[in-house]
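What follows is the residue order along each chain.
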Amino acid sequence: MTTRQRHIAHLYLHAALTEDQYDEVIELMSGITPHVQALPPNAVQLDLTSALRYFDLSPYDITQLAKLRLKALYGIDSSAGLAGNRMLAAMAADASAPGDTTWVPAAQVADWLYPRPVTALPGVGRAIADTLSRYGLHTVGQVIDLPAGTLQRLLGVSPARLLAERARGHDPRPVATSEPAERLIVNIVLDRDCLDPMKHHQAVLGLADELGQRLRGEHRITGRLTLTVRYADRSSTTRTCLLLEPTSHSPALTTSALGLLNAFGLQRARVRAFAIRADNLLPADGAYRQLSLDPGADRARAAEVAADRARRRFGPQAVRPATLAD
């Protein structure tokens, strides 16, 4: 028995959409296929496999139909990538000029990937790219041609294996239906109006750690954080930042949250409460993780897993950041 060939379309929406408008786009795309994954704020992925028989059209023609509906009903221009998995579809969309559609059929994946820059692969950041560049490895084809043992000596076993899989166009992730713009909020009301910057720091650090625990408990990741500060006079201010990559890793969330806090400049502010909101929530198993040459990053995540396990057994206060220790 053979596995049915998947056809994934990745659409970039060339428009600034509100959350309500984005919800309408998801509903519109659900009229083409029930397998729609929201990638807010301006992208969406469609698994067209089950829609081929219904519409009796080619994958390319169904993708064009989706783009036509977006333009006709909402005036939204889009570019698209079409391929056999989510990674390739997103890469094809990145390579498409505004309004165009790039189709990478299964038989042409190797030829299409071979000349592309290695930085086009998801998860290849500056550190990985610089390491590969020092050894004259600039394209996906050069990575494919490199012996596995050599690549592992350059990057380490785990990053090398993952990079080799991506360089060959492998991506087993399914299109997972999820609600767009889901959010998770954690907050704290201080015992009294507080002027102490150290107390502000501790409050936000504690919230970021709590947020990470809740995200991991729900197997979700977030791509955007919003910090709200409420003052003694009941006024408030808000700042938002996009994360470098969607994550539920507490140190990454803490770094971003404290960066927002520092941007407020609260040295003389009487603060009564803090709140952190996580937006753009996605299933944790539906996102890529940035490749890293730092073995400490893997150790930190392993420690985090152990800490979460201890909290589930002994309570949420069993393991806490040292800064929050009494």
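As a reminder, the structure under discussion sits directly above these lines.
Numbers given to residues run from 1 along each chain, matching the order in which its sequence is written. Predicted model: local features are reported for residues with pLDDT of at least 70 only, side-chain atom pairs are reported and counted for 80 or more only, and whole-chain, interface and lining totals are derived from all residues. Side-chain numbers come from the whole structure's heavy atoms, not from hydrogens or water.

Looking at the nonpolar core
To qualify as a nonpolar core, a set must consist of buried Ala, Val, Leu, Ile, Met, Phe, Trp, Tyr and Cys residues joined through side-chain atoms within 4.5 Å. The cut-offs for exposure are 20% and 50% of the maximum accessible area for each residue type, with area from a 1.4 Å probe on protein chains only; residues under the lower value are buried, those over the upper are exposed, and the others partly exposed. Within the largest apolar cluster, 29 residues are counted, with the highest numbers of intra-cluster contacts made by Leu211, Leu225, Leu227, Leu266, Phe274 and Ile276. Dropping the residues within four chain positions of it, leucine 225 is found in contact with Leu211, Arg239, Thr240, Cys241, Leu243, Leu253, Ser256, Ala257, Leu260, Ile276, Arg277 and Ala278. Formed by 28 residues, the second largest nonpolar core is a distinct cluster that contains Ile8, Ala83, Val109 and Val118. Should any heavy atoms of two residues lie within 4.5 Å, those residues are counted as being in contact.

Observations regarding the packing of aromatic side chains
Working definition: a ring pair exists when centres of Phe, Tyr or Trp rings (six-membered ring for Trp) sit within 6.5 Å. Plane angles under 30 degrees give stacked, over 60 give edge-to-face, the rest tilted. On inspection of all chains with the given rule, the structure shows 2 aromatic pairs. Ring centres 5.0 Å apart and planes at 85° place the aromatic pair tyrosine 54 and phenylalanine 55 in the edge-to-face group. Accessibility expressed as a relative area gives 70% for tyrosine 54, which makes it exposed. Arranged with centres 6.2 Å apart and planes meeting at 20°, the rings of tyrosine 60 and tryptophan 103 form a pair that is stacked. With tyrosine 60 in helix α3 (residues 59–74) and tryptophan 103 in strand β5 (residues 101–103), this pair connects stretches of sequence that are 43 residues apart. Classification of tryptophan 103 as partly exposed rests on a relative accessible area of 35%. Under the DSSP-based scheme used, a helix requires at least four consecutive residues in state H or I and a strand at least two consecutive residues in state E, with every element numbered from the N terminus.

Thoughts on the environment of valine 44
Inspection of the secondary structure puts valine 44 in strand β3 (residues 43–47). With a relative accessible area of 1%, valine 44 lands in the buried category. When neighbours within four sequence positions are excluded, valine 44 is seen to be in contact with Ala9, His10, Leu11, Tyr22, Ile26, Met29, Val36, Gln37 and Leu39.

Quick word on the sheet that holds β3
The strand order β2-β3-β1-β4-β5 describes an open sheet built from 5 strands, whose pairing is mixed. The open sheet has two edge strands with one neighbour each: β2 (36–39) and β5. The mean angle between the axes of side-by-side strands here comes to 15°, regardless of whether they run parallel or antiparallel. Only when DSSP finds a minimum of two bridges between them are two strands counted as paired. Note: strand β4 (residues 78–83) against β5, 3 bridges, orientation parallel. Bridging across to β5, leucine 82 finds its partner in tryptophan 103. The convention used is that axes are lines fitted to C-alpha atoms, helices contributing only their stretch in contact, and that angles between N-to-C directions extend from 0 to 180 degrees.

A look at the packing of helix α1 (residues 19–30) against α3
The N-to-C vectors of α1 and α3 enclose an angle of 135°; their axes lie 11 Å apart at closest approach. On the basis of their axis angle, the class for α1 and α3 is oblique. As α1 runs across α3, the sense of the crossing is right-handed. Residues Glu24, Val25, Leu28 and Met29 of α1 form the contact with α3, whose own contacting residues are Ala66, Arg69, Leu70, Leu73 and Tyr74. Any residue that is not Ala, Val, Leu, Ile, Met, Phe, Trp, Tyr, Cys, Pro, Asp, Glu, Lys or Arg is counted as polar, Gly included; the first ten are nonpolar and the last four charged. Here the residues of the contact of α1 with α3 sort into 7 nonpolar, no polar and 2 charged. Note that the term roughly parallel is reserved for angles under 35 degrees, roughly antiparallel for angles over 145, roughly perpendicular for angles of 65 to 115, and oblique for everything else. Throughout, a crossing is termed right-handed when the near helix is turned clockwise from the far one, and left-handed when it is turned anticlockwise from it by less than a right angle.

Brief notes about helix α9 (residues 157–167)
Residue pairs three or four apart in sequence face the same way in an α-helix, which turns once every 3.6 residues. Here α9 has its buried residues at Pro159, Ala160, Leu163, Ala164, Arg166 and Ala167. Each buried residue of α9 lies within a common arc of 165° when the element is viewed along its axis, so the set occupies one face. Against α4 (86–94), α5 (109–113), α6 (126–134), α7 (140–145) and α8 (148–155) lie the buried residues of α9. In the segment just after α9, glycine 169 is the residue with positive phi, at about 80°. It is the directions from the helix axis to the C-beta atoms whose arc is reported.

Brief notes about the pattern of salt bridges
Salt bridge, as used here, is a side-chain nitrogen of Lys or Arg placed within 4 Å of a carboxyl oxygen of Asp or Glu. Within the structure shown, the criterion is met by 7 salt bridges. Note that aspartate 77 and lysine 71 form a salt bridge whose closest N and O atoms lie 3.0 Å from each other. A network of salt bridges, in which partner residues are shared, links Glu19, Arg183, Arg224, Arg277 and Asp279.

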